[in-house]
Number of protein chains: 2
Amino acid sequence: MSFKRIAIVGSGAIGSCYGAYLQDAGNDVHFLMRSDLEAVKQRGLRLKSPKRELELPEVQAYASTEEIGPVDLVVIAIKATANEVLKDIIPPLLHDDTVLLTMQNGLGNEAFLAEHFGRERVIGCLCFTCMNRIEPGVLVNSFPGYIAPGEMDGPVSERLKALGALFENAGVKVKLTENLKEERWKKLIWNVPFNGLAIAAGGINCEQILASEGLTLEVMGLMKDVQRGARANGVDIEDAFLEKNLEVTYPMGPYEPSSVIDYNADRPVEVEAIWGEAVRQSLAAGESVPRLELLYHLLKVLAKS
Amino acid sequence: MSFKRIAIVGSGAIGSCYGAYLQDAGNDVHFLMRSDLEAVKQRGLRLKSPKRELELPEVQAYASTEEIGPVDLVVIAIKATANEVLKDIIPPLLHDDTVLLTMQNGLGNEAFLAEHFGRERVIGCLCFTCMNRIEPGVLVNSFPGYIAPGEMDGPVSERLKALGALFENAGVKVKLTENLKEERWKKLIWNVPFNGLAIAAGGINCEQILASEGLTLEVMGLMKDVQRGARANGVDIEDAFLEKNLEVTYPMGPYEPSSVIDYNADRPVEVEAIWGEAVRQSLAAGESVPRLELLYHLLKVLAKS
């Protein structure tokens, strides 16, 4: 399988950065854009990372997927809060073998795509990276990190290897995963407490969370809720993984989790994908997760969705 | 036992209203005041309730307890957040038999007074009423309700009866309680969820809490945490009491719990007396109360104390 024509849906930091890397490596990349469209048409994309600087003066940017037409790979990097629009945006991009790669946060995005466009099309992907969009078309990838794509139902397939090669050829570090579900739950071990408490405690950062003895206890309590919810869903996460996730946060200093950046800027927060689905899947598996439930219900009222 | 000289410590709504009732009934009442001192010295106290209107042009108001001197009864109605100042304020009011009556919210206030001034002096008192201080010296008691005083260690004593008679003679409805601890925990069944969620969900009112299906679930979840914490401390509260506490809140409409009024006005909130002590006493009795713990730790960061 080869991915000759590629569409990027979502021109935030993640979509624009990975799209830029793919285009720079010689791929035929088409960007669906909204607010950044005119700026990118005129000036292209610029990306700075610790390793390199990209200048892409010519970028194929569009206002609709009808203009793009069928592609081999759709990289989906819109917020999960906007998933409903995918029902209209995706169809013009599809041919029989089009692959949908979701780089979105949280749980339930693969299932949403599978329900509407067919399970066989969908590949999930976690992004362990730090990317920011400084202004329209100007990107910084301060921590390159890696991506972890995986099939919905398990083992590494030929097309997953091809997808990995595509990104590796574009200079992106790739770790193919055999257990996407486990990776998704493991990422929640950090995202649930730190993104959540940062909002619920008034829009604060990681340093401020960890400066509070009480909130640090709640970080651990929430991690244990996620651990129990994951276990009830067949994903075993060790205590050592929880402790490591806490430890690595101390050196981050006043780092603001992405959800609290959105919250403080009055933008929608992925409450359902991160907290809501974790609660629902835990309860559906018969596991009560009281701290996670309370946090979810507070966030639902506090944050835009 | 008779209470001839009475001091009121704390000139917020509760202290000023009950002090005014007691003075109007002919008692010798001395008010310790701070911000309202000059206004009350000049214009006295005015109080409006559904049943009557009081005009007390002459009020004995003071800036220090040294000026008041020893009394038979001290009515303590400052915020629990300011308890530390009592260590200096109370001693000048004491003779050998002075009774300390705390009308403060939450758990731990009787214990604080007992520790510093002797257990034998202390009587606790719950106030089921709605009182507001409109401006210095001007009070509204929109819902008269009743008070429930009780000895720290159980049965109704002679002095408790005398205290009850004192307030009844002043037109205040009194229900003497044989189980102060039970009354304190029962009041938390409402105060913990509604005061707490109103703050943690962004400074909202009861109607807004109950408009959210998720927060309504959390109200019940928090009530059950308090119920379990109470049970571990020897206080049995029936499920029907929880349900009744939820039901009576619907007709309250957009009622703002007192803590959220303080929170929205950037004043200190009794976080330790209401949530902190409930958590500590539950954990000390071996009962985990995860929702209550998370709420407490959030409030500790969100609210001034």
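Not measured: the values here are computed from a predicted model.

The rules behind these values
Along each chain, numbering runs from 1 in the same order as the chain's sequence is written. Each chain is given a letter, starting from A, and each ligand a number, starting from 1, according to the order in which they appear as written. With pLDDT at 70 or above as the cut-off, local features in this predicted model cover only qualifying residues; side-chain atom pairs require 80 or more to be listed or tallied, and sums for whole chains, interfaces and linings still use all residues. For the side-chain quantities, the full set of heavy atoms in the structure was used; hydrogens and water were omitted. Here a helix means four or more residues in a row that DSSP labels H or I, a strand means two or more in a row labelled E, and each is numbered from the N terminus. Atoms counted for the radius of gyration: C-alpha only. Globule rule: 2.2 Å times residue count to the power 0.38. By definition, residues are in contact when any of their heavy atoms lie within 4.5 Å. Computed with the Shrake-Rupley method and a 1.4 Å probe, the accessible areas treat only the protein chains shown as cover for residues. Positive: Lys, Arg. Negative: Asp, Glu. His and the chain ends are not part of the count. Think of each charge as sitting on NZ of Lys, CZ of Arg, CG of Asp or CD of Glu. Partly exposed describes any residue whose relative accessible area lies between the buried limit of under 20% and the exposed limit of over 50%, with all areas from a 1.4 Å probe on protein chains only and scaled to the type maximum. A least-squares fit on C-alpha atoms brings the copies together, and the residues used are those whose pLDDT is at least 70 in both copies. Each residue carries a pLDDT value, the predictor's own confidence for that position, ranging from 0 to 100. For patches, a residue must show more than 30% relative accessible area and have no salt bridge; joins then use 9 Å for like charges and 5 Å for nonpolar side chains, namely Val, Leu, Ile, Met, Phe, Trp and Tyr. Criterion for a salt bridge: a side-chain nitrogen of Lys or Arg within 4 Å of a carboxyl oxygen of Asp or Glu. For our purposes a nonpolar core is just a set of buried Ala, Val, Leu, Ile, Met, Phe, Trp, Tyr and Cys residues, chained together by side-chain atoms within 4.5 Å. For the purposes of these results, a polar contact is taken to be a pair of N or O atoms within 3.5 Å, where, inside protein, one atom must be able to donate a hydrogen and its partner to accept one; residues adjacent in sequence count only when each atom of the pair is a side-chain atom. Working definition: rings of Phe, Tyr and Trp (its six-membered ring) pair if their centres are within 6.5 Å, and the pair is stacked with planes under 30 degrees apart, edge-to-face with planes over 60 apart, and tilted otherwise. Here a strand pair is declared whenever DSSP counts at least two bridges between the two strands. Note on method: axes are straight lines fitted to C-alpha atoms, helices fitted across the in-contact stretch only, with angles between N-to-C directions ranging 0 to 180 degrees.

Draft legend 1. Representation of the overall build of chain A within the structure. Within chain A, the regular secondary structure consists of 13 helices and nine strands. The C-alpha radius of gyration of chain A comes to 19 Å, within 12% of the 19 Å expected for a compact globule of 305 residues. Oriented by its inertia axes, the alpha-carbon framework of chain A measures out at about 50 × 35 × 35 Å. Taking all contacts inside chain A whose residues are at least 6 apart in sequence as the whole, residues at least 24 apart take part in 69%. Split by element, the accessible area of chain A, about 12700 Å² in all, is 49% carbon and sulfur. Averaging the positions of the 31 positive and the 42 negative side-chain charges in chain A gives two centres separated by 2 Å.

Draft legend 2. Molecular detail of the side chain of Thr 177 of chain A. All names here are of chain A. Residue position: Thr 177 is located in the loop between helix H6 (158-169) and helix H7 (180-200). Taking relative accessible area as the criterion, Thr 177 reaches 7% and is therefore assigned buried. The contacts of Thr 177, once residues within four sequence positions are left out, are Ala 148, Pro 149, Gly 150, Glu 151, Gly 154, Val 156, Leu 160 and Glu 183.

Draft legend 3. Main features of the relation of the copies chain A and chain B. Least-squares fitting of chain A to chain B yields an RMSD of 0.0 Å, with the transformation described by 0.0 Å of translation along the axis and a rotation of 180°. Taken together, the turn and the small shift mark the pair as related by a two-fold rotation axis. Judged by C-alpha distance, Arg 291 of chain A is the residue of chain A that lies nearest the rotation axis, at 2.7 Å. When the interface residues of chain A are mapped onto chain B, 100% of them again fall at the interface, so both copies present the same face.

Draft legend 4. View of the confidence of the model for chain A. Residue-level pLDDT values for chain A average 96, and 100% of them are 70 or greater. Reported confidences for the modelled complex are a pTM of 0.92 and an ipTM of 0.90.

Draft legend 5. Fine view of a negative patch on the surface. Residues and elements named next belong to chain A. On the surface, Glu 238, Asp 239, Glu 243 and Glu 247 cluster together into a negatively charged patch. With respect to the helices, strands and loops of the structure, Glu 238 is situated in the loop between helix H9 (213-232) and helix H10 (239-247). Overall, the relative accessible area of 56% leaves Glu 238 in the exposed class.

Draft legend 6. Looking closely at the nonpolar core. Trp 275 of chain A together with Trp 275 of chain B are the most contacted members of the largest nonpolar core, which totals 85 residues. Once residues within four sequence positions are removed from consideration, Trp 275 of chain B is found in contact with Asn 191, Val 192, Asn 195, Gly 196, Ser 259, Val 269, Glu 270, Leu 292, Leu 295, Tyr 296 and Leu 299 of chain B.

Draft legend 7. Up close: a positive patch on the surface. Residue and element names in this part refer to chain A. A surface patch of positive charge is lined by Lys 51, Lys 173, Lys 175 and Lys 244. Topologically, Lys 175 is positioned in the loop between H6 and H7. Judged by its relative accessible area of 41%, Lys 175 falls in the partly exposed class.

Draft legend 8. Structural detail: the side chain of Ser 64 of chain B. All names here are of chain B. If you trace the backbone, Ser 64 turns up in the loop between strand E5 (60-62) and helix H3 (65-68). Given a relative accessible area of 19%, Ser 64 falls into the buried group. At a separation of 2.9 Å, a polar atom in the side chain of Ser 64 contacts the side chain of Glu 67.

Draft legend 9. Broad picture of unusual backbone geometry. The phi dihedral of Asp 266 of chain A is positive, around 60°, even though this residue is not glycine. Here Asp 266 of chain A is to be found in the loop between helix H11 (258-264) and helix H12 (271-284).

Draft legend 10. Region of interest: the packing of aromatic side chains. Taken as a whole and assessed by the stated rule, the structure comprises ten aromatic pairs over all chains. For the ring pair Tyr 18 of chain A and Phe 167 of chain A, a centre distance of 6.1 Å and an interplane angle of 80° mean the geometry is edge-to-face. Taken together, the residues Tyr 18 of chain A in helix H1 (residues 13-24) and Phe 167 of chain A in helix H6 connect sequence positions 149 residues apart. As far as burial versus exposure is concerned, Tyr 18 of chain A and Phe 167 of chain A are alike and both buried. For the pair Tyr 18 of chain B and Tyr 21 of chain B, a centre-to-centre distance of 6.4 Å together with 55° between the ring planes defines the contact as tilted. Taken together, the residues span about one helical turn, with Tyr 18 of chain B and Tyr 21 of chain B both in helix H1 (residues 13-24) at a distance of three residues. Relative accessible area serves as the criterion here: at 2%, Tyr 18 of chain B is assigned to the buried category. Members of the aromatic cluster, joined through ring pairs, are Tyr 18, Tyr 21 and Phe 167 of chain A.

Draft legend 11. Main features of the environment of Leu 166 of chain A. Residues and elements named next belong to chain A. Checked against the element boundaries, Leu 166 lands in helix H6. According to the relative accessible area criterion, Leu 166 is buried, its value standing at 10%. Aside from chain neighbours lying at most four places away, what touches Leu 166 is Phe 3, Ile 6, Leu 22, Asn 27 and Leu 73.

Draft legend 12. Region of the structure containing the environment of Gly 15 of chain A. Residue and element names in this part refer to chain A. Along the chain, Gly 15 turns up in helix H1. When the C-alpha atoms of Gly 15 and Cys 206 are compared, they prove to be 25 Å apart, with 191 residues separating the residues in sequence. Once residues lying within four places of it in the same chain are set aside, the contact partners of Gly 15 are Ile 8, Gly 10, Phe 31 and Ala 77.

Draft legend 13. Region of the structure containing the sheet that holds strand E9 (residues 138-151) of chain B. All names here are of chain B. Across the sheet, nine strands lie side by side as E4-E3-E9-E8-E7-E6-E1-E2-E5; this open sheet has mixed pairing. Two strands close off the open sheet at either side, each with one partner strand: strand E4 (53-56) and E5. Pairwise comparison of adjacent strand axes, ignoring direction, gives a mean angle of 30° for this sheet. Of the strand pairs in this sheet, strand E6 (residues 73-76) and strand E7 (residues 99-102) are connected by four bridges, and their pairing is parallel. Residue pairing for E7: Leu 73 is matched across the bridge by Val 99. Here helix H6 (residues 158-169) sits on the sheet in contact with strand E1 (5-9), E6, E7, strand E8 (122-135) and E9, set at roughly 165° to E9.

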